[in-house]
Amino acid sequence: MHLRDCIRLTRRDFLATSASGLGLLAVASLLREQGLLAAAEKVGHGLTTAATGIKAAHFPCKARSCIFIFMEGAPSQMDLFDPKPKLNELNGQKLPDSMTKQVRFAFIQKESAVLMGSPRKFQKYGQCGMELSDLLPHLSKCVDDIAFVRSMQTEQFNHHPGQLMMNTGSGSFGRPSIGSWLNYGLGSECKNLPGYVVLTAGRGLSGGATLWSSGFLPSNYQGVLFRSKGDPVLNLSNPPGITPEMQHHGIEAIGDLNRLHQKYVGDPEISARIASYELAFRMQTAAPELMDLSSESQATLDAYGVDREDMKIKADRAGGPGQYRAFARNCLLARRMVERGVRFVNLYHASWDHHSNLDAELAFNAGMADQPIAALLKDLKERGLLDSTLVVWGSEFGRTPLGENRKGYAKVTGRDHHPFAFTTWMAGGGVKGGQIIGETDELGWNIVKDPVHINDFHATLLHLLGFDHTELTYRFQGRDFRLTDVAGNVVKKLLA
């Protein structure tokens, strides 16, 4: 047989069998997307599938996602979570000068400051007998699933540095947020939505977008702010006259140009830019469906309180009308997001900064938050998602047992910033519920048992999501950075 005939035969064989080969490639691609193909490539600190970017944690864990509820401004812990009968007994008395001599306050005038008790009534709930304020009737039914940390502490006593500390592990600008670290460490389980989503309500945050920044990590790991009205994400919809086909070809052309540029420059930010364009294109269908609550039952909408009216109070600090509806909707959206594979959801509400009018404004905010958060915990549990979803509640610091006596105020009606002792809580995702970690003194001034620094809290959060916090690092400017900086210990009592 002539060599030319052999070549022709080989070509015929290829054409005859190529359909099967392409079919196998398609099957392999589908298996890889679902994480069912054994082959994986090494990326960064762990393993990732080529198609989805899902990475492996350091060790097996229950939690696969996290909902972090951040109450900006600092809720008053002794009016919500940490009852202090002795504080009520000493209401109106001064603290010894030795206790306040080296203490910095935001507004309190030391020479005339006095202790301020709480009018709230506390009662024991659940099998664990947890005490909660009368402002939290819905959350009180969930205490057996919640672990409260009454002994949190931080170095920061002003809002923006404090918010940065709780959200990024540092009181300075430029560090990645918790959600960015998890997005970097675990990747996203959702192909058509961001791995890290931010939802806001209230009057606006002191820290703004710095609280969900990716810092020195590639920008595709930063939080994506979703809006509750209009387009979920700004500029997500096509402009008038741009068809889906035109959009598709445009994204392809931009991607080709970016890849060509990256080939010569080697800038990792170009890869992040390519990923952002492609994700935005896929989100044009997925995001509107996510935000549409019409598929939810009326019972679910009622449980979250999506149609509630705001409590009427004499105050203008709540952020305008419709806050009860906005926050309830955000809690329901958080459940829908983790159902769809979003890795980290931030729920922000501002403001809880009650330097005055504490009783009325705290009652307003607690009424806004109590029902939707309790509904979120119950909803996740009923759907079998609470075990795999870590729910966290926190703020930048707490409030003083001393009443606010700022100059120009006729009487004491609020509390100042207090970084020495405050309360946070966790539920689900491998947390041992129905317990209290730590203890404060009789006045709520200092911690007397099991202090937990924010670095410890972050180390525990990462542990619950499968990471050794000392090993989840990113090299920047010649140094290996991490969320917990050079500190942090896992709070083992929190673990189930």
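A. Geometry of the overall build of the protein. In terms of helices and strands, the protein carries 12 helices and 19 strands. Residue burial in the protein is summarised as follows: out of 496 residues, 50% are buried. Put simply, of all contacts in the protein between residues at least 6 apart along the chain, 77% involve residues at least 24 apart. Summing over all exposed atoms, the protein offers an accessible surface of approximately 22800 Å²; the carbon and sulfur share of this is 53%.

B. Up close: the pattern of salt bridges. With the rule as written, the count across this model stands at 23 salt bridges. In this structure, the salt-bridge partner of Arg335 is Asp379, at a minimum N-O distance of 2.9 Å. In this pair, Arg335 sits in helix 10 (residues 323–339) while Asp379 sits in helix 11 (residues 358–382), placing the two residues 44 residues apart along the sequence. Looking at Arg335, the relative accessible area reads 1%, which means it is buried. Each member of the salt-bridge network shares a partner with another, and the members are Glu289, Glu296, Arg335, Arg336, Glu339, Arg340, Asp379 and Arg383.

C. Focus on the nonpolar core. Counting 60 residues, the largest nonpolar core has Ile69, Ile373 and Trp425 as its most contacted members. Core analysis: the next-biggest nonpolar cluster, separate from the first, contains 47 residues, Ala63, Met166, Tyr221 and Val431 among them.

D. Focus on unusual backbone geometry. For the bond from Ala350 to Ser351, the omega torsion is 15°, close enough to zero to count as cis. Along the chain, Ser351 falls in the loop between strand 9 (344–350) and helix 11. At Gln477, a residue that is not glycine, the phi angle is positive and equals roughly 50°. When you line up the elements, Gln477 lands in the loop between strand 18 (474–476) and strand 19 (479–481). Using a relative accessible area of 72% as the deciding quantity, one classes Gln477 as exposed. Positioned with a positive phi, Asp485 is a non-glycine residue whose angle comes to about 55°. Mapped onto the secondary structure, Asp485 falls in the segment after strand 19. On the basis of relative accessible area, Asp485 is assigned to the partly exposed category, the value being 25%.

E. Region of the structure containing the packing of aromatic side chains. Scanning the model with the defined rule gives 18 aromatic pairs in all. Relative to Phe481, the ring of Phe216 has its centre 4.9 Å away and its plane inclined at 45°; by these criteria the two rings are tilted. Separated by 265 residues along the polypeptide, Phe216 in the loop between strand 7 (196–202) and strand 8 (224–226) and Phe481 in strand 19 bring together distant segments of the chain. Accessibility classification places Phe216 together with Phe481 in one group, the buried group. Ring geometry for Phe476 versus Phe481: centroids 6.1 Å apart, planes at 55°, classification tilted. You can call Phe476 partly exposed: its relative accessible area is 30%. For Phe481, a relative accessible area of 9% puts it in the buried group. Grouped by ring-pair contacts, the aromatic residues Trp181, Tyr184, Phe216, Tyr221, Tyr474, Phe476 and Phe481 constitute a single cluster. One Lys or Arg, Arg479, reaches over the ring of Phe481 and ends 4.2 Å from the middle of that ring.

F. Up close: helix 10. Given a rise of 1.5 Å per residue, 17 residues ought to cover 24 Å, and the 25 Å separating the end C-alpha atoms of helix 10 matches this to within 8%. Across the 17 residues that make up helix 10, a large majority, 15, are buried.

G. Representation of the environment of Lys378 within the structure. Within the secondary structure, Lys378 is located in helix 11. Here Lys378 falls in the partly exposed class, since its relative accessible area comes to 35%. Not counting residues up to four positions away in its chain, the partners in contact with Lys378 are Lys141 and Cys142.

H. Region of the structure containing empty space enclosed by the protein. A full pass over the atoms with the stated rule returns four cavities of 30 Å³ or more. Each pocket or cavity is described by its volume, and for the largest cavity that value is around 80 Å³. If one sorts the elements of the lining of the largest cavity by residue count, helix 11 sits on top with four residues. Roughly 60 Å³ of internal volume is contained in the second largest cavity. If you go around the second largest cavity, the residues you meet are Lys94, Leu95, Asp97, Thr100, Phe105, Ile108, Lys110, Ala113 and Leu402.

I. The side chain of His458, seen in detail. Mapped onto the elements of the fold, His458 is located in helix 12 (residues 454–464). Discounting residues that sit within four places of it in the chain, His458 has contacts with Met165, Met166, Gly169, Ile178, Leu483 and Thr484.

J. Just the environment of Asp379, in detail. By relative accessible area, Asp379 is classed as buried at 8%. The sequence separation of Asp379 and Tyr304 amounts to 75 residues, and the corresponding C-alpha distance is 9.2 Å. The residues touching Asp379, leaving out its near neighbours within four places in the chain, are Thr300, Tyr304, Leu332 and Arg335. Engagement of the side chain of Asp379 in a polar contact is seen with the side chain of Tyr304, the distance being 2.8 Å.

Basis of the calculations
Sequence order as written defines the numbering, with residues in each chain counted from 1. For this predicted model, a pLDDT threshold of at least 70 governs which residues receive local features, and a threshold of 80 or more governs which side-chain atom pairs are given and counted, while totals over whole chains, interfaces and linings are taken from all residues. Only hydrogens and water are removed before side-chain values are computed, so all heavy atoms of the structure are retained for them. Counting from the N terminus, the helices are DSSP H or I runs at least four residues long and the strands are E runs at least two residues long. Residue exposure (1.4 Å probe, protein chains only): buried if accessible area is under 20% of the type maximum, exposed if over 50%, otherwise partly exposed. Throughout, a contact is declared for two residues whenever any of their heavy atoms are within 4.5 Å. Here the Shrake-Rupley method, with its probe set to 1.4 Å, supplies the accessible areas, and only the displayed protein chains count as covering residues. Salt bridge, as applied in this entry: a Lys or Arg side-chain nitrogen positioned within 4 Å of an Asp or Glu carboxyl oxygen. Nonpolar core, defined: a set of buried Ala, Val, Leu, Ile, Met, Phe, Trp, Tyr and Cys residues in which side-chain atoms within 4.5 Å join the residues together. Each aromatic pair joins two rings of Phe, Tyr and Trp (for Trp, the six-membered one) with centres within 6.5 Å, and gets the label stacked for planes under 30 degrees apart, edge-to-face for over 60, and tilted for any other angle. Charge-over-ring contacts are defined here by two conditions on Lys NZ or Arg CZ: a distance within 6 Å of the ring centre and an angle within 35 degrees of the ring normal. A helix is expected to span 1.5 Å for every residue after the first. Cavity: a set of points on a 1 Å grid over the protein atoms alone where a 1.4 Å probe fits but cannot get out. Pocket: an open set with protein on both sides within 12 Å along at least five of seven lines, its lining residues, like those of a cavity, having an atom within 4 Å of a point. Grid points are joined across faces, edges and corners, and a volume is the space filled by probe spheres set on the points. In protein, a polar contact means a hydrogen-donor-capable atom and an acceptor-capable atom, both N or O and within 3.5 Å, with residues adjacent in sequence counting only if both atoms are side-chain atoms; elsewhere, any N or O pair within 3.5 Å suffices.

Geometric descriptors of this kind do not, in isolation, establish any biological role.
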